[in-house]
Structures are given as C-alpha cells and as structure tokens.
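# Structural description and commentary
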Amino acid sequence: AAGVIQSPRHLIKEKRETATLKCYPIPRHDTVYWYQQGPGQDPQFLISFYEKMQSDKGSIPDRFSAQQFSDYHSELNMSSLELGDSALYFCASSLLRVSGANVLTFGAGSRLTVL
Amino acid sequence: EDKVVQSPLSLVVHEGDTVTLNCSYEVTNFRSLLWYKQEKKAPTFLFMLTSSGIEKKSGRLSSILDKKELFSILNITATQTGDSAIYLCAVEVDSGGSNYKLTFGKGTLLTVNP
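Attention in this report is confined to the structure presented alongside it. Just so it is clear, the structure is predicted and the values come from calculations on it, not from any experiment. For every chain, the first residue of its written sequence is number 1, and the numbers climb from 1 along that sequence. Written order determines the labels here, with chains lettered from A and ligands numbered from 1. Where totals are concerned, whole chains, interfaces and linings use all residues; where local detail is concerned, this predicted model gives features only for residues with pLDDT of at least 70, and gives and counts side-chain atom pairs only at 80 or more. The side-chain values count all of the structure's non-hydrogen atoms but skip hydrogen atoms and water molecules.

### Some points on the overall build of chain A
- Helix and strand definitions follow DSSP, with helices as H or I runs of at least four residues and strands as E runs of at least two, each counted in order from the N terminus. Check the secondary structure of chain A and you find zero helices and eleven strands.
- Its helices and strands in sequence order give chain A the pattern β-β-β-β-β-β-β-β-β-β-β, from N to C terminus.
- Here the C-alpha radius of gyration of chain A, 14 Å, is about what a compact globule of 115 residues would show, namely 13 Å.
- In terms of principal-axis extent, the alpha carbons of chain A reach across some 45 × 25 × 25 Å.
- Type-normalised accessible area, obtained with a 1.4 Å probe on protein chains alone, sets the label of each residue: buried when under 20%, exposed when over 50%, and partly exposed for intermediate values. Taken over 115 residues, chain A has a buried fraction of 49%.
- Residue contacts are defined here by distance: any two heavy atoms, one from each residue, within 4.5 Å place the two residues in contact. Look at the contacts in chain A between residues 6 or more apart in sequence, and 53% of them connect residues 24 or more apart.
- Positive and negative side-chain charges of chain A, numbering 11 and 11 respectively, have mean locations separated by a distance of 4 Å. Only C-alpha atoms enter the radius of gyration; for comparison, a globular chain is expected to reach 2.2 Å times N to the power 0.38, where N is the number of residues. When charges are tallied, Lys and Arg are placed among the positive residues and Asp and Glu among the negative ones, while His and the ends of the chain are skipped. Where a charge sits is defined by one atom per residue type, namely NZ (Lys), CZ (Arg), CG (Asp) or CD (Glu).

Pasting the structure below:
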C-alpha cells in the first residue's frame, strides 16, 4: 500500500541557508500535517492543510512557510536556518473525518542538520 | 494549553515481562487518543480510542481509555526485544472550524532486554 513519501531523507545545510522539504501524502488523503521532532523530543505540530488550504497553525517560526499544491503534495520552506532547526521533520496525512477520529499516517521523516 | 503527559519516561524490562504505559491528558475539545510506536523513524499507528472503557487489543498489546479520569494505558504482555521502542501517546483535539490536530506526549522509551 502507498505510504506518505518524504524527500529528501537527509539534508545538511549551513546557518542562514534555505531548505525545502517535500511531502507526498497517501493518495486520496485530503489533509497534510507537518511536525518537527527535535533530538529526544516529542513531535511538535507546525502546520496543516486541508484541500490545499492552510487549516491550522502551530508552533511554526515566521522563517518557515508551507503550502499544498494542486496535486496535494506539500512543501515546507525554511529560510535563514538556525542551529536549533536541526530536527526530524515529519509529514503526515489523513482523510479528514468530521465525526469520528483521524488517524494520521506518518512519513519516514526528513532529517535536517544545520551546521 | 493542551497537555499530554506520559509515564514512565523510560522503562527497562526483561523479555517475558508485562508492562503498562500511562498517558494522562488535559485538553480542550477532546476527540480521540492515539498510541503510536516509534522505532528508528516515523511513528507507526497502534490504537485509536474514542470511547471510555472499551479495550482495544492487537496481539500482545491492548489499550483502554478513561475519559472521566482523563487517562489511557497501553499494556504489553510477554514482551519481546522487538517491542523496544518509544511509545507515543497523542490526543486529537478539535481546534475549531473542523480543524483537528494531534498533541503528543514526550513518549515512554521501552527497552526489552533478552
């Protein structure tokens, strides 16, 4: 079965550079979530999109932006990178259910290292 | 602010032992509680709980939710070394406008020694 695909898997950047992470959700899933997990930390919600529109925003720095495209893939853009941005970035997708609950399926993550 | 607290933070057991992992929460607009297992990379889904008192089982794993006391437990019986992982508890909340998001606990690191 198709899973959530993230790329790149690993990325090394220097301070003040820009990075872009990509996420391809499970086909027919209409919601994409981005989470940041620092070393030894729990995943922190950054931002989500429903049907290509931003639906919710968490602790995403102003230096970061994201969007979801017409093919439902999403990109997380990070500018002016700082050492503290080094983390595992997870994308997850789900099929939004207004009643019931939403089970997120996570991608394998993109590990960003800022030197 | 939504809060999810897991305990213990770390647990070391021997193969064959039974373990109980705890998750308590204080959130606004609770929808569901989910357990994930995180090994090397991405969290993988274990259970979703929405109703109190109904046990979910999958092999040696089981979980139950108490919405009155605001907690859930995850039990693993006859543990195996392959159960070694971080177990994450996450609570789904309704943040308004049909927006839903997960708030994670810090996880319980389970190490099962042979």
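Text resumes after the structure shown.
### Focus: the nonpolar core
- Among the buried residues, those of types Ala, Val, Leu, Ile, Met, Phe, Trp, Tyr and Cys that are joined through side-chain atoms within 4.5 Å form a nonpolar core. Judged by nonpolar contacts, the single largest core of 22 residues is most densely connected at Trp34(A), Leu76(A), Met78(A), Tyr89(A) and Leu112(A).
- Broken down by secondary-structure element, the contributors of at least two residues to this core are strand S3 (19-24), strand S4 (31-37), strand S5 (44-50), strand S7 (64-68), strand S8 (74-78), strand S9 (87-94) and strand S11 (110-114) of chain A.
- Filtering out sequence-adjacent residues up to four positions away, Met78(A) remains in contact with Glu17(A), Thr18(A), Ala19(A), Leu21(A), Arg63(A), Phe64(A), Tyr89(A) and Leu112(A).
- With 21 residues, the next largest nonpolar core counts Val4(B), Tyr25(B), Leu33(B) and Ile76(B) among its residues.

### Overview of the state of the cysteines
- Criterion for a disulfide: a pair of cysteine sulfur atoms within 2.5 Å. For the coordinates displayed, the defined rule picks out two disulfides over all chains.
- Each disulfide pairs two cysteine sulfurs, and for Cys23(A) the partner residue is Cys91(A), the sulfurs being separated by 1.7 Å. Residues Cys23(A) and Cys91(A) are joined through a disulfide that is left-handed, its torsion about the S-S bond being -55°. Remark: Cys91(A) occurs in strand S9 and Cys23(A) occurs in strand S3; sequence separation between them is 68 residues.
- At a sulfur-sulfur separation of 1.9 Å, the disulfide partner of Cys23(B) is Cys89(B). Between Cys23(B) and Cys89(B), the S-S torsion sits near -65°, and that sign places the bridge as left-handed. Of this pair, Cys23(B) sits in strand S3 (residues 19-26) while Cys89(B) sits in strand S9 (residues 85-96), placing them 66 residues apart in sequence. When sorted by exposure, Cys23(B) lands in the same class as Cys89(B), which is buried.

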